[in-house]
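# Working through the structure, step by step
Spelled out, the chains give:
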Amino acid sequence: MLCVFGRASAASALSSSRAVGVRAALSRAAMSTVSVRVAPSAKGLFDDPVRLSVRGLSPLQGVTLRASLTDEAGVPFRSSAQYRADSGGGLDLTSSRALGGNYTGVEPMGLLPKTPHRRLVKRDVLTPFCVDFEVYEGHDPPAQRLAGVTNQRSFLGEGVQRVPVREGKVRTTLFVPPGPGPFPGIIDIYGTGGGLPEYRASLLGSRGFATFALAYYGYEDLPKQMKEFHLEYFEDAVNYMLRHPQVDFTSKCTDTARLKHGFSWANP
């Protein structure tokens, strides 16, 4: 009897082990078919809209999508949302509804990472932010990672020139689009914080505008605090731009305070 019991136990254990192995193999096979796609490309400008989709899921499968990046100060920015695949085992964030997480409903760009009470700011426009998009099985809590993709989001388009300018007292960086020009001109003046942030100007330069990122305090030999300014400084910056051969100052591309010679500056 003991011998028979032992054989039965061994057979049962072997059967159980095979079942676990089969389930593991099936799980690995399922993972290998799941893919995350960023369209139109895995590389693009930071302000490019992206279309995120997932393929290879089981019909109506519940999953959690996560997005993450780390800024230049080492601070993590994250976002997540819960979804359910359609009857064909797919997700498309332009039409699929988020069921919970950092947002609900149809939000094509809602998954881009964020952190409460902290603003995402790019200091070095020559390097991109890399956003990791991942899909996990299940909802509360999500379980196994099924697939992922990295989206490289740059701040400087191909062929755009970045030109530091030190003209008299003016401290600025000029971004010139590729091509013969001249181009519509914009002066970008940042708000509080000081320094010389370039990320808006670099993106505008990548969109066909000759753009000056103008510092006016808290940078090099400019005033340290935002207390008192001389308007002549801004006039000098405008005059420099009016003389620049790559700038078309007759363009009506900007719509804020008109200074002189038909040229406008913009403070978005």
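Because the structure is a prediction, the values reported are computed rather than measured. (Residues numbered from 1 in each chain as written. Predicted model: local features only at pLDDT ≥ 70, side-chain atom pairs only at ≥ 80, totals over all residues. Heavy atoms only, no water.)

### Describing the sheet that holds strand 13 (residues 210–214)
Read from one edge of the open sheet, five strands run 10-11-13-12-14, paired in mixed fashion. The open sheet has two edge strands with one neighbour each: strand 10 (161–167) and strand 14 (247–248). Examined bridge by bridge, strand 12 (residues 183–189) and strand 14 share two bridges and lie parallel to one another. Pairing of P184 across the sheet is with D248, part of strand 14. The sheet contacts of helix 2 (residues 199–206) involve strand 11 (170–176), strand 12 and strand 13, and relative to strand 13 the element is tilted by about 175°. (Pairing = 2+ DSSP bridges. Helix = DSSP H or I, 4+ residues; strand = E, 2+ residues; numbered from the N terminus. Contact = heavy atoms within 4.5 Å. Axes fitted to C-alpha atoms, helices over the stretch in contact; angles between N-to-C directions.)

### Some words on the sheet that holds strand 8 (residues 129–137)
Judged by pairing direction, the sheet is mixed, and its six strands sit side by side in the order 2-9-8-4-5-7 without closing on themselves. Among the strands making up the open sheet, the edge pair consists of strand 2 (43–45) and strand 7 (100–101). In the sheet, strand 5 (residues 76–84) pairs with strand 7 via two bridges, with the strands oriented antiparallel. Residue pairing for strand 7: Q82 is matched across the bridge by G100.

### A short note on the environment of A143
Its place among the elements puts A143 in the loop between strand 8 and strand 9 (145–154). According to the relative accessible area criterion, A143 is exposed, its value standing at 52%. For the pair A143 and V63, spaced 80 residues apart in sequence, the C-alpha to C-alpha distance is 8.9 Å. When near neighbours in sequence (up to four residues on either side) are disregarded, A143 contacts Y136 and E137. (Buried < 20%, exposed > 50% of the residue type's maximum accessible area, 1.4 Å probe, protein only.)

### Here's the deal with the side chain of D188
Relative to the helices and strands, D188 is located in strand 12. You can call D188 buried: its relative accessible area is 3%. A distance of 2.9 Å separates the side chain of D188 from the side chain of R200, its partner in a polar contact. (Polar contact = N/O pair within 3.5 Å; in protein donor to acceptor, adjacent residues only side chain to side chain.)

### Some thoughts on the pattern of salt bridges
Per the counting criterion, the structure on display carries eleven salt bridges. A salt bridge links R118 to D71; its shortest N-O distance comes to 3.5 Å. Pair noted here: R118 is in the loop between strand 7 and strand 8 and D71 is in the loop between strand 4 (62–70) and strand 5, with a separation of 47 residues, a long-range link. Taking the relative accessible area as the measure of exposure, R118 reaches 39% and is therefore partly exposed. With relative accessibility at 8%, the residue D71 sits in the buried group. Measuring nitrogen to oxygen at the nearest pair gives 3.0 Å for the salt bridge that ties D221 to R171. Of the two residues, D221 sits in the loop between strand 13 and helix 3 (231–243) while R171 sits in strand 11, which places them 50 residues apart along the sequence. One continuous salt-bridge network, built from bridges that share partners, spans R166, R171, E220 and D221. (Salt bridge = Lys/Arg side-chain N within 4 Å of Asp/Glu carboxyl O.)

Treat this as a map of the structure, not an account of what it does.
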